[in-house]
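Letter by letter, the chains look like this.
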Amino acid sequence: PAAATAAIVEVARRLGADDVAIARLTPTMIGEKADLPHDYVICMIVGEDYAKALQGPRAIEDESTRVYLRCAEISTALAAHVRAMGYPALAHHNGACDIQAIPAMYAAGLGELGKHGSLIHPKLGASHRPGFVTTTMPLAAGEPHIFGVQDVCLHCNLCANNCPADAIPRS
């Protein structure tokens, strides 16, 4: 499983994923009515260009759409690669899939939950989008990566101070 995991991570990175991690698939990661007979979820993220956020709403929408499309392309290609190796695999594209993104990415070790409800990656922050592949291929699952987000969120208030709807509580 460790060698297979390293190979899958390498393929996903070659396809364009900025980070990749594996989690054992659990019921909390699966949509309510979904039936996924798989054991693992390969979680991938692609970073967004933060500079686009400074260019206004249209640029943010364009960047988000571009990165979601890229994630879908990577997930689809990686699932095809896993199937070519002889294992069942299904690509999942965030927003219209059976995978609950945050529980899967957290369990795989891609980040911690921020006060604003999104996953904070250690290098990309919250500026990323996910893609997923579920499979029965024997892989080595990661574990949550705790690097201090909760401590920062208790005192920072950056997201709360900048939330236009005041939907994020201040510490």
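Presented here is an overview of the structure given in this document. The residue numbers shown here count from 1 along each chain, following its written sequence. Totals for whole chains, interfaces and linings use every residue, but because this is a predicted model, local features are given only for residues with pLDDT of at least 70 and side-chain atom pairs only at 80 or more, for both listing and counting. Where side-chain values are given, they derive from all heavy atoms of the structure, hydrogens and water being excluded.

## Topic: the pattern of salt bridges
Salt bridge criterion: a side-chain nitrogen from Lys or Arg within 4 Å of a carboxyl oxygen from Asp or Glu. All told, the structure shown has seven salt bridges when counted by the stated rule. Note that Arg14 is salt-bridged to Glu10, the shortest N-O span being 3.7 Å. Here Glu10 and Arg14 lie together in helix H1 (residues 2–15), a separation of four residues that amounts to about one turn. Exposed residues in this analysis have more than 50% of their type's maximum accessible area, buried residues have under 20%, and partly exposed residues fall in between, with area computed by a 1.4 Å probe over protein chains only. Residue class for Arg14 comes out exposed when judged on its relative accessible area of 62%. Labels follow the DSSP assignment, with helices taken as runs of H or I lasting at least four residues and strands as runs of E lasting at least two, numbered in each case from the N terminus.

## Considering helix H2 (residues 57–84)
Three or four residues apart is the spacing at which side chains of an α-helix point the same way, because the helix has 3.6 residues per turn. Here a helix's expected span is defined as the number of its residues, less one, multiplied by 1.5 Å. Relative to the 40 Å expected for 28 residues at 1.5 Å per residue, H2 spans 41 Å between its end C-alpha atoms, a close match to the ideal helical length. By the burial criterion, the buried members of H2 are Ala59, Glu63, Ser64, Val67, Cys71, Ala72, Ile74, Ser75, Leu78, Ala79 and Val82. Residues count as neighbours in contact if any of their non-hydrogen atoms are within 4.5 Å of one another. Those residues of H2 hidden inside the fold are in contact with H1, strand S2 (40–47), strand S3 (89–93) and strand S6 (128–135). The first or second residue beyond H2 is Gly86, which carries a positive phi of 100 degrees.

## Considerations on the sheet that holds S3
Strands are labelled as partners when DSSP assigns at least two bridges between them. Strands sit in the order S1-S2-S6-S3 across an open sheet of four strands; the sheet is antiparallel. Of all strands in the sheet, those bounded by a partner on one side alone are strand S1 (19–24) and S3. Taking the axes of each pair of neighbouring strands and ignoring which way they run, one obtains an average angle of 20 degrees across the sheet. Bridge count between S2 and S6: eight bridges; the pairing is antiparallel. Within S6, the residue paired with Met44 across the bridge is Gly131. Between N-to-C directions, angles cover 0 to 180 degrees, with each direction set by a line fitted to C-alpha atoms, over the stretch in contact for helices. Against the sheet, helix H3 (residues 101–108) engages S1, S2 and S6, with an angle of about 80 degrees to S6.

## Examining the side chain of Glu48
Along the chain, Glu48 falls in the loop between S2 and H2. Polar contact is defined as a pair of N or O atoms within 3.5 Å, subject to the rule that within protein one atom must be able to donate a hydrogen and the other to accept it, and that residues adjacent in sequence are counted only when both atoms are side-chain atoms. In terms of polar contacts, Glu48 uses its side chain to reach the side chain of Arg129, at 2.8 Å. Non-local contacts of Glu48, meaning those with residues more than four positions away in its chain, are made with Glu63, Ser64, Val67, Ser127, His128 and Arg129.

## Observations concerning the side chain of Thr5
For Thr5, the position within the fold is in helix H1. On the accessibility criterion, Thr5 (10% relative accessible area) is buried. Apart from the residues within four sequence positions on either side, Thr5 is in contact with Ile22, Leu139 and Ala140.

By themselves, these are just geometric observations and shouldn't be taken as functional.
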